[in-house]
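# Chain and residue survey
Now for the letters of each chain:
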Amino acid sequence: MKTSLLIPTTTDRCIPLFGSTVRAGFPSPADDFVERPLDIHDYLVKHPAATFFARAEGDSMTGFGIFSGDLLVVDRALQPQHGDVVIAAIDGELTCKVLDLNERLLRAGNLRYPPIELHDNAELIIEGVVVHSVRHHRCLR
């Protein structure tokens, strides 16, 4: 994990939002209209003062749709719950994993990585809950 960057507080970047969903097949000509502008900041960030971005690195979370290079939106205001994807500092090392409160584990989304047991003597700090991930689908040049 790389260090996080706080999200800028400007909200003047509204982007057009289509009025209907986009099918992964053939589009309907009737769907070519814009409903309203969408402020991407408002869509992704519910608690601005408690939210930060982090860049995912590695392949341990691919089973949960998080890939190396994805931008993670992390909310510190949320109480971590069983099954949440979290950014955790365990013994001072940051990792992105799924919180398993029942078994007291941090689970990867790739079977090649064993779960991390949360021993009583381990120093665990949940830095925040991952609420969104953003992925590039076109190679950046």
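First things first, this report covers the structure right here in the doc. (Residues numbered from 1 in each chain as written. Predicted model: local features only at pLDDT ≥ 70, side-chain atom pairs only at ≥ 80, totals over all residues. Heavy atoms only, no water.)

### Some words on the environment of Asn110
Here Asn110 shows up in the loop between β8 (105-107) and β9 (116-117). For the pair Asn110 and Met61, spaced 49 residues apart in the sequence, the C-alpha separation amounts to 5.9 Å. Once residues within four sequence positions are removed from consideration, Asn110 is found in contact with Asp59, Ser60 and Thr62. (Helix = DSSP H or I, 4+ residues; strand = E, 2+ residues; numbered from the N terminus. Contact = heavy atoms within 4.5 Å.)

### Observations regarding the side chain of Ser60
Residue position: Ser60 is located in the loop between β4 (51-55) and β5 (71-75). Looking at Ser60, its side chain comes within polar contact range of the side chain of Lys97, at 3.0 Å. With residues near it in sequence (within four places) discarded, Ser60 still touches Cys96, Lys97, Ala108, Gly109, Asn110 and Tyr113. (Polar contact = N/O pair within 3.5 Å; in protein donor to acceptor, adjacent residues only side chain to side chain.)

### As for the side chain of Thr51
Considering the arrangement of structural elements, one finds Thr51 in strand β4. For Thr51, a relative accessible area of 3% puts it in the buried group. Within polar-contact distance, the side chain of Thr51 engages the backbone oxygen of His47 at 2.6 Å. (Buried < 20%, exposed > 50% of the residue type's maximum accessible area, 1.4 Å probe, protein only.)

### Section: unusual backbone geometry
The phi dihedral of Asp91 is positive, around 50 degrees, even though this residue is not glycine. Mapping Asp91 onto the fold places it in the loop between β6 (85-90) and β7 (93-100). What makes Asp91 exposed here is its relative accessible area of 55%. We note that Arg104 has phi near 55 degrees; this positive angle belongs to a residue other than glycine. With respect to the secondary-structure elements, Arg104 resides in the loop between β7 and β8. Accessibility expressed as a relative area gives 42% for Arg104, which makes it partly exposed.

### Thoughts on the nonpolar core
Counting 12 residues, the largest nonpolar core is built from Phe52, Ala54, Ala56, Met61, Ile66, Leu72, Val74, Val85, Ile87, Cys96, Val98 and Val130. In this structure, Val130 is in contact with Leu72, Val73, Val74, Val85, Val86, Ile87 and Cys96, ignoring residues within four places of it in sequence. Core analysis: the next-biggest nonpolar cluster, separate from the first, contains 8 residues, Ala88, Leu106, Leu118 and Ala122 among them. (Core = buried A, V, L, I, M, F, W, Y, C linked by side-chain atoms within 4.5 Å.)

### Some details on the pairing of β5
Walk down a regular strand and you will see the side chains alternate between the two sheet faces. Along β5, 5 of the 5 residues are buried, which leaves the element largely enclosed by surrounding structure. Where burial is concerned, the two faces of β5 agree: the one with Leu71, Val73 and Asp75 and the one with Leu72 and Val74 are both buried. Across 5 bridges, the pairing between β4 and β5 is antiparallel. Looking across to β5, one finds that Phe53 is bridged to Val73. Summarising the sheet, β5 and strand β10 (residues 124-134) pair through 5 bridges and their orientation is antiparallel. The residue of β10 that forms the bridge with Leu72 is Ser133. (Pairing = 2+ DSSP bridges.)

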